[in-house]
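Commentary on secondary and tertiary structure
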Amino acid sequence: MQQFSSANLTLAVLRHLADGAFHSGSDIAAALALSRARIWQVIEGCAALGVEVFRVPGRGYRLAAPISLLAAPTIVACAKNAGWRISVHDAADSTNSELARAAQNRDIHGEALAVELQTAGRGRLGRSWKSPFACSLTFSLGWRFAQGVGALSGLSLAVGLAVTTALERLGAHGIKLKWPNDLVLDGRKLGGILIEVQGDALGPSTAIVGVGLNVRDAARIAQELDLPVADLGDARLVELDRNHLLAAVLDELATMLDRFARDGFKPFREEWNRRDAYRAARVRLLRTGAAAVEGTAQGVDAEGALVLQTAGGRARFLSGELSLRAAARRASSAGSARARPLEN
Ligand code: BTN
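Residues numbered from 1 in each chain as written. Predicted model: local features only at pLDDT ≥ 70, side-chain atom pairs only at ≥ 80, totals over all residues. Heavy atoms only, no water.

**Observations concerning the sheet that holds strand β9 (residues 205-214)**
Rules: By the convention used here, strands pair only if DSSP detects at least 2 bridges between them. The secondary structure listing takes helices from DSSP runs of H or I that are at least 4 residues long and strands from runs of E that are at least 2 residues long, numbered from the N terminus. Orientation is described by axes fitted as lines to C-alpha atoms, over the contacting stretch for helices, and by angles from 0 to 180 degrees between their N-to-C directions. For this analysis, residues touch if any pair of their heavy atoms sits within 4.5 Å.
One open sheet holds the seven strands; their spatial order is β3-β4-β5-β9-β8-β7-β6, and the pairing between them is mixed. Of all strands in the sheet, those bounded by a partner on one side alone are β3 (85-92) and β6 (176-178). Sheet twist, expressed as the average angle between the axes of neighbouring strands with direction ignored, equals 20°. Here helix α5 (residues 95-103) sits on the sheet in contact with β3, β4 (111-118), β5 (136-145), β8 (188-199) and β9, set at roughly 30° to β5.

**A closer look at the confidence of the model for the protein chain**
The condition that has to hold: Every residue gets a pLDDT, meaning the predictor's confidence in that residue, from 0 to 100.
Mean pLDDT for the protein chain: 90, with 93% of residues reaching 70 or above. Counting interchain partners and residues more than four positions distant, the pLDDT-below-50 stretch residues 327-344 has 34 contacts.

**Description of the packing of aromatic side chains**
For clarity, the threshold we go by: Working definition: a ring pair exists when centres of Phe, Tyr or Trp rings (six-membered ring for Trp) sit within 6.5 Å. Plane angles under 30 degrees give stacked, over 60 give edge-to-face, the rest tilted. Only protein chains enter the area calculation, which uses a 1.4 Å probe; residues under 20% of their type maximum are buried, those over 50% are exposed, and those in between are partly exposed. Put simply, a charge is over a ring when the Lys NZ or the Arg CZ is close to the ring centre, within 6 Å, and near the line of the ring normal, within 35 degrees.
Taken as a whole and assessed by the stated rule, the structure comprises two aromatic pairs. Between Phe-145 and Phe-260, the aromatic rings sit 6.1 Å apart at their centres with planes inclined by 75°, giving edge-to-face as the arrangement. One end of the pair, Phe-145, is in strand β5; the other, Phe-260, is in helix α8 (residues 242-263), with 115 residues separating them in the sequence. Its relative accessible area of 1% is what places Phe-145 among the buried residues. Positioned above the aromatic ring of Phe-268, the side-chain terminus of Arg-259 is 6.0 Å from the ring centre.

**Quick notes on the pattern of salt bridges**
Going by this rule: Salt bridges are identified by distance alone: a Lys or Arg side-chain nitrogen within 4 Å of an Asp or Glu carboxyl oxygen.
Going through the model one piece at a time under the given rule, you end up with 23 salt bridges. Across the salt bridge formed by Arg-101 and Glu-98, the nearest N and O atoms sit 3.2 Å from each other. With Arg-101 and Glu-98 both in helix α5 and three residues apart, the pair spans about one turn of that helix. With relative accessibility at 26%, the residue Glu-98 sits in the partly exposed group. Between Arg-316 and Glu-303 there is a salt bridge whose closest N-O contact spans 2.6 Å. Of this pair, Arg-316 sits in strand β13 (residues 313-317) while Glu-303 sits in the loop between β11 (290-300) and β12 (306-310); the two residues are 13 residues apart in sequence, bridging distant segments of the chain.

**Overview of the site of the ligand**
The condition that has to hold: The near set for a molecule or strand comprises every residue that places at least one heavy atom within 4 Å of it. N or O atoms within 3.5 Å of each other form a polar contact, as long as, within protein, one can give a hydrogen and the other can take it, and as long as residues adjacent in sequence are counted only when both atoms are side-chain atoms. Each accessible area is a Shrake-Rupley estimate made with a 1.4 Å probe; only the visible protein chains count as cover when residues are assessed. All amino acids are sorted into three groups, where Ala, Val, Leu, Ile, Met, Phe, Trp, Tyr, Cys and Pro are nonpolar, Asp, Glu, Lys and Arg are charged, and the leftover types, Gly among them, are polar.
Not every one of the 20 residues close to the ligand is listed here, only the nearest: Ser-94, Gln-118, Arg-122, Arg-124 and Lys-189. Gln-118 places a polar side-chain atom, nitrogen or oxygen, 2.9 Å from a nitrogen atom of the ligand. Here an oxygen atom of the ligand and a side-chain polar atom of Lys-189 are 2.5 Å apart. If the ligand stood free it would expose 420 Å²; the protein chains cover 99% of that surface. Those elements that provide at least two residues to the shell around the ligand are α5, β5, β8 and β9. Broken down by element, the shell around the ligand gets its largest block of residues, four residues, from β8. Among the residues making up the shell around the ligand, the classes are represented as five nonpolar, eleven polar and four charged.

**Quick look at the sheet that holds strand β10 (residues 282-287)**
Each strand in a sheet pairs with another by means of backbone hydrogen bonds, the pair being arranged parallel or else antiparallel. The strand order β13-β12-β11-β10-β14 describes an open sheet built from five strands, whose pairing is antiparallel. Bordering the open sheet on either side are β13 and β14 (321-324), each of which pairs with just one other strand. Going across the sheet, the axis of each strand differs from the next one's by a mean of 45°, ignoring polarity. Sheet topology note: the β12/β13 ladder contains five bridges and is antiparallel. From the neighbouring strand, Thr-310 faces β13, where its bridge partner is Gly-313.

Structure below.
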């Protein structure tokens, strides 16, 4: 008999139902070598994932609507860059953690891992990252750099820019970047990036680049993330298969990572500043173990440091958490009914 974890079993059943057609409980049970009672239990549990399954006596089970699940062969077929080694797992605690564990045993350069379910997804600054089933893209990449960790300053900005560029090529509108690592739309969070690095100060180093992107159903995602959220539909990118989307994002990331390895952040600076969500805004920067700083945002420098015009002059910052100041926030929400503060 096959051994399944609860998440894997749920995904195995949903893969049977993904086409939106009727499937009998006994067919699914036979395919997975489980009892019909167990399949029924799993289907009951699908509601917790937000997936509605109908049961019609004599016909079996079917989904309210077909769903497109991630599949490595489809992503590979859509990708132009053949360099990635792509895996799709049903579930992981966190794709970043999974790749970090893999890096203890092998070189993960060029590996891309995407999952349908993350049970302990991680965000910046120790926060958690939650993504409801089939509403997001949740993936991590491994990339080796000849340089040391210190040379990777600005990498998360370049990743945000590459993801945005890929989405715009597919037709998305209005995506901006919030320093250091958020994709935002009208002040709402569309995606986040978590980069973790391993290696020596003098090099080589390996970056694990984790990306979470809200694809659809922002309202459900907002319940999980507890902050103002946008999805790709809000960016006018609808009905796009997530496999196709991931392939396009991976293509752009490969190009960007090659260039970043050669030239660092510098060539991306101008483009990043063009898409800066907070350019010229009055902002507050919260810093761990240091006083908050207020000033006017002046974009980023060639290393990706945030430049602020403060009462004491121009200053640059390599880390911290940025938010709009209250006065600026009132002004900006007056300009747009949808704009909401983003303090994550
Ligand atoms: C943030 O905005 O705080 C960063 C969010 C990063 C989430 C992604 S989802 C894939 C990868 N695995 C994780 O555990 N986190 C990142």
